[in-house]
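Here is what each chain is made of, one letter per residue.
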Amino acid sequence: SQQGEEDPQALSIQEGENATMNCSYKTSINNLQWYRQNSGRGLVHLILIRSNEREKHSGRLRVTLDTSKKSSSLLITASRAADTASYFCAIDSGTYKYIFGTGTRLKVLA
Amino acid sequence: GAVVSQHPSWVICKSGTSVKIECRSLDFQATTMFWYRQFPKQSLMLMATSNEGSKATYEQGVEKDKFLINHASLTLSTLTVTSAHPEDSSFYICSARDPRGEPQHFGDGTRLSIL
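Residues numbered from 1 in each chain as written. Chains lettered and ligands numbered in written order. Predicted model: local features only at pLDDT ≥ 70, side-chain atom pairs only at ≥ 80, totals over all residues. Heavy atoms only, no water.

As for the nonpolar core
Part 1: Residues Val4(B), Trp35(B), Leu79(B), Tyr92(B) and Leu112(B) are the most contacted members of the largest nonpolar core, which totals 24 residues.
Part 2: Going through the elements one at a time, β2 (10-13), β3 (19-25), β4 (32-38), β5 (44-51), β7 (67-73), β8 (76-81), β9 (90-96) and β11 (110-114) of chain B are the ones with two or more residues in this core.
Part 3: Excluding its chain neighbours within four sequence positions, the residues that come into contact with Leu79(B) are Val19(B), Lys20(B), Ile21(B), Trp35(B), Phe67(B), Leu68(B), Ile69(B) and Tyr92(B).
Part 4: In terms of nonpolar packing, the next biggest core, distinct from the first, is built from 23 residues, Leu11(A), Ile13(A), Ala19(A) and Val63(A) among them. (Core = buried A, V, L, I, M, F, W, Y, C linked by side-chain atoms within 4.5 Å. Buried < 20%, exposed > 50% of the residue type's maximum accessible area, 1.4 Å probe, protein only. Helix = DSSP H or I, 4+ residues; strand = E, 2+ residues; numbered from the N terminus. Contact = heavy atoms within 4.5 Å.)

Here's the deal with the interface of chain B and chain A
Part 1: Taken residue by residue, the interface counts 21 residues in chain B and 21 residues in chain A.
Part 2: Summed over both sides, the interface between chain B and chain A buries roughly 1600 Å², with carbon and sulfur atoms accounting for 58% of that surface.
Part 3: Of all residues in chain B, Ser43(B), Glu102(B) and Phe106(B) give up the largest surface area on contact with chain A, accounting jointly for 28% of the area buried on that side.
Part 4: Summed over the shared surface of chain B and chain A, the number is 1 salt bridge.
Part 5: Among the salt bridges present, the one from Lys97(A) reaches Glu59(B), with a minimum N-O distance of 2.9 Å.
Part 6: Residue contributions to the side of chain B that touches chain A peak at 4 residues, all from β5(B). (Buried area = accessible area lost by both parts, 1.4 Å probe. Salt bridge = Lys/Arg side-chain N within 4 Å of Asp/Glu carboxyl O.)

A look at the packing of aromatic side chains
Part 1: By the definition in use, this model includes 8 aromatic pairs over all chains.
Part 2: Ring geometry for Phe100(A) and Phe106(B): centres 5.9 Å apart, planes at 80 degrees, overall edge-to-face. You can see Phe100(A) sitting in strand β10 (residues 98-100) and its partner Phe106(B) sitting in strand β10 (residues 105-106), one on each of two chains.
Part 3: The exposure class assigned to Phe100(A) is buried, which follows from its relative accessible area of 1%.
Part 4: Their ring planes at 45 degrees and their centres at 6.3 Å tell us that Phe67(B) and Tyr92(B) sit as a pair that is tilted. Here Phe67(B) is found in strand β7, whereas its partner Tyr92(B) is found in strand β9, with 25 residues between them in sequence. Pair check on accessibility: Phe67(B) and Tyr92(B) agree, each one buried.
Part 5: Chaining the aromatic ring pairs together yields one cluster made of Tyr35(A), Phe88(A), Tyr98(A), Phe100(A), Tyr36(B) and Phe106(B).
Part 6: Lying over the aromatic face of Tyr96(A), Arg97(B) brings its terminal NZ or CZ to 3.5 Å of the ring centre. (Phe/Tyr/Trp six-rings, centres within 6.5 Å; stacked < 30°, edge-to-face > 60°. Lys NZ or Arg CZ within 6 Å of the ring centre and 35° of its normal.)

So, in C-alpha cells, the structure goes:
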C-alpha cells in the first residue's frame, strides 16, 4: 500500500518561479528520497535525505525533512521548462523496499 | 552510464502470451532486486522483492503465479508475466540494491502492451 502522500497532485507555474511539493508518510523511516520521472521514462534520482538529517541541497534543489511531522518537502528554485516532469518521494523504512508517494505532476510554462 | 539495464524497453504481444523482462546490474552484485508496476499517471507500486538464490517475496495482492520472478545470479533477475492479458499492460520497472550503499539503481523500465 502507498505510504507516501504527496501534494499538490499537480502544479503549474511560470518559468523562473519556485516549485514546492510535499510528501507525508506514516511510518518511521531510514531515509527518504526524491525522484523525477519524465513522461513514459525511467526514474532519475534527485536527493537522498537520511532520518537524522533535516535539510539537503543539490544545485537548485532543496529538500527538508521533519520526522516529527512525518513530512518532507522538495523545493525547486528558478524553475525551467525542462523541470516539467512528475516528482515522487520514496520511503525506505529500513527494509530497503522503497514505497513511493502518489507523485506531483509539475508543469513549467515557458 | 546506466548501472542497471532493463530489457526489453518496449514489448507488444498478443493476449495469452508469456513475456519475460530482464533486469541486470552492470557493475555490482545485487543480492536483492525489486520489481515495480506503474499505470499511466499513477505512482510506482512495489510488486515483489527478488532475492538471489531464494524465492521472491510478493506484496499483498500480487499474484505470484501470474508474475514469476527468478533471481538465479547475482546480476540478473527476471520477471515473467504469464498468460498476459490486456489488463497486464503497464510500465514495469526494476531496481537493484547496491551493497556499496544507497540509493538503489533503477532500470529504465519496460512498457508492456497486450493486445
